[in-house]
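# A look at the structure
For reference, the chains in residue letters:
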Amino acid sequence: MMSGCDDDKSLIDACRAGNTEAFGVLVTRYQDRLYPTIFRLTGCADEARDLLQDAFLRAFEKLDRFQGESSFYTWIYRIAVNLALSGRRRRRPVLRLNLDSGSAPIDPPYDVAESDPSAPLQRAERDRLIQDALNALAADHRAVVVMKEFDGLQYEEIAAMLEVPIGTVRSRLHRARCELRDRLRSLVDEDVHLRQSSQHSP
């Protein structure tokens, strides 16, 4: 199957002509790519899946408004991120300290030999700590971190998607990075303390 912007356009044209199955191809093509971003923004696997469904539904309903000035992925990315941010503003995330085995990995794994039996646990623990720290950030700060550090967007792209000045993006990112460093340090220290306590308990 072809891929890329040209093929996306043909699928969109087919969908506009009444072939709704063509939109299903777009969903299949991009949902797995988009899921990690939404998971990082929400910190909840179920909520991320629900938001993705809502995002694709809104894109389908508004497909006539898609002008092709950006790629379809950029368009659906913006819709999904805005949904995630509007939902998270209504309820401040709670810092989770429990292991969530149902969460998707939020960062590429360590380059550790697969023969090391502790590697998956180390990756899961690292992912959990990072996600806990992200969850504790304000929604607007979490967004710029995810978009810049995880998704590799440029400042100009982030500013356009969030509809804020580039200076605001830079300021939020700086503050978020500082807060993340502090939170990750405290979370690691707390985990070490809990482990030591459990080891010495009868």
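Residues numbered from 1 in each chain as written. Predicted model: local features only at pLDDT ≥ 70, side-chain atom pairs only at ≥ 80, totals over all residues. Heavy atoms only, no water.

## A short note on helix α3 (residues 45-61)
Given a rise of 1.5 Å per residue, 17 residues ought to cover 24 Å, and the 24 Å separating the end C-alpha atoms of α3 matches this to within 8%. Of all the positions in α3, only Ala 45, Glu 47, Ala 48, Leu 51, Leu 52, Ala 55, Phe 56 and Ala 59 are classed as buried. All buried residues of α3 lie within an arc of 165° about the axis, which places them on one face of the element. Turned more than 90 degrees from where α3 packs its buried face, Gln 53 and Glu 61 sit exposed. (Helix = DSSP H or I, 4+ residues; strand = E, 2+ residues; numbered from the N terminus. Expected span 1.5 Å × (residues − 1). Buried < 20%, exposed > 50% of the residue type's maximum accessible area, 1.4 Å probe, protein only. Arc of directions from axis to C-beta.)

## Looking at the packing of helix α5 (residues 119-136) against helix α6 (residues 139-150)
Two elements in contact, α5 and α6, have axes whose closest approach is 9 Å; the angle formed by their N-to-C orientations is 140°. When the axes of α5 and α6 are compared, the pair comes out oblique. Of the residues in α6, those touching α5 at Ile 130, Leu 134 and Asn 135 are Arg 142, Val 145 and Phe 150. (Axes fitted to C-alpha atoms, helices over the stretch in contact; angles between N-to-C directions. Parallel < 35°, antiparallel > 145°, perpendicular 65-115°, else oblique. Contact = heavy atoms within 4.5 Å.)

## Brief notes about the packing of aromatic side chains
Throughout the structure, instances matching the rule amount to 10 aromatic pairs. Measuring from centroid to centroid gives 6.0 Å for Phe 72 and Trp 75, while their planes differ by 55°, and the two rings are tilted. In this pair, Phe 72 and Trp 75 both sit in helix α4 (residues 72-89), three residues apart, roughly one turn of the helix. On the accessibility criterion, Trp 75 (17% relative accessible area) is buried. Arranged with centres 5.9 Å apart and planes meeting at 55°, the rings of Tyr 73 and Tyr 77 form a pair that is tilted. With Tyr 73 and Tyr 77 both in helix α4, this residue pair falls four residues apart, about one helical turn. One aromatic cluster is present, built from ring pairs that chain together Phe 23, Tyr 30, Phe 56, Phe 60, Phe 66, Phe 72, Tyr 73, Trp 75 and Tyr 77. Geometry around Tyr 155 places Lys 148 over its ring, the cationic atom sitting 4.4 Å from the centre. (Phe/Tyr/Trp six-rings, centres within 6.5 Å; stacked < 30°, edge-to-face > 60°. Lys NZ or Arg CZ within 6 Å of the ring centre and 35° of its normal.)

## A few points about the nonpolar core
In a soluble, globular protein the nonpolar side chains are often hidden away together inside. Ranked by size, the top nonpolar core spans 56 residues in total, and within it Phe 23, Phe 72 and Met 147 carry the most contacts. Looking at this core, the elements that each hand over two or more residues are α1 (5-16), α2 (21-42), α3, α4, α5, α6, α7 (155-162) and α8 (166-200). Per element, the largest residue contribution to this core is 11 residues, and it comes from α4. Those residues in contact with Phe 72 that sit more than four places away from it in its chain are Asp 8, Ile 12, Phe 23, Leu 26, Tyr 30, Phe 56, Leu 63 and Phe 66. (Core = buried A, V, L, I, M, F, W, Y, C linked by side-chain atoms within 4.5 Å.)

## Brief notes about the pattern of salt bridges
Applying the stated rule across the entire model yields 12 salt bridges. Ionic pairing is found between Asp 13 and Lys 9, a salt bridge with its closest N-O pair at 3.1 Å. Taken together, the positions of Asp 13 and Lys 9, both in helix α1 and four residues apart, correspond to about one turn of that helix. Note on Asp 13: relative accessible area 34%, which makes it partly exposed. Its relative accessible area of 52% is what places Lys 9 among the exposed residues. (Salt bridge = Lys/Arg side-chain N within 4 Å of Asp/Glu carboxyl O.)

## Concerning the packing of α6 against α7
The geometry of α6 relative to α7 is characterised by a closest axis approach of 10 Å and an angle of 145° between their N-to-C directions. Here α6 runs over α7; the crossing is right-handed. Residue-level inspection shows Val 144, Met 147 and Lys 148 of α6 in contact with α7, the latter providing Tyr 155, Ile 158, Met 161 and Leu 162. Grouping the amino acids of the contact of α6 with α7 by side-chain chemistry returns six nonpolar, no polar and one charged. (Left-handed = near helix turned anticlockwise from the far one by under 90°. Nonpolar A, V, L, I, M, F, W, Y, C, P; charged D, E, K, R; others polar.)

## Details of the confidence of the model for the chain
The predicted model of the chain averages 81 in pLDDT, with 76% of residues at 70 or higher. Every residue in residues 88-113 scores below 50 in pLDDT, and together they form 51 contacts with partners more than four places removed in sequence or on other chains. (pLDDT = per-residue confidence, 0-100.)

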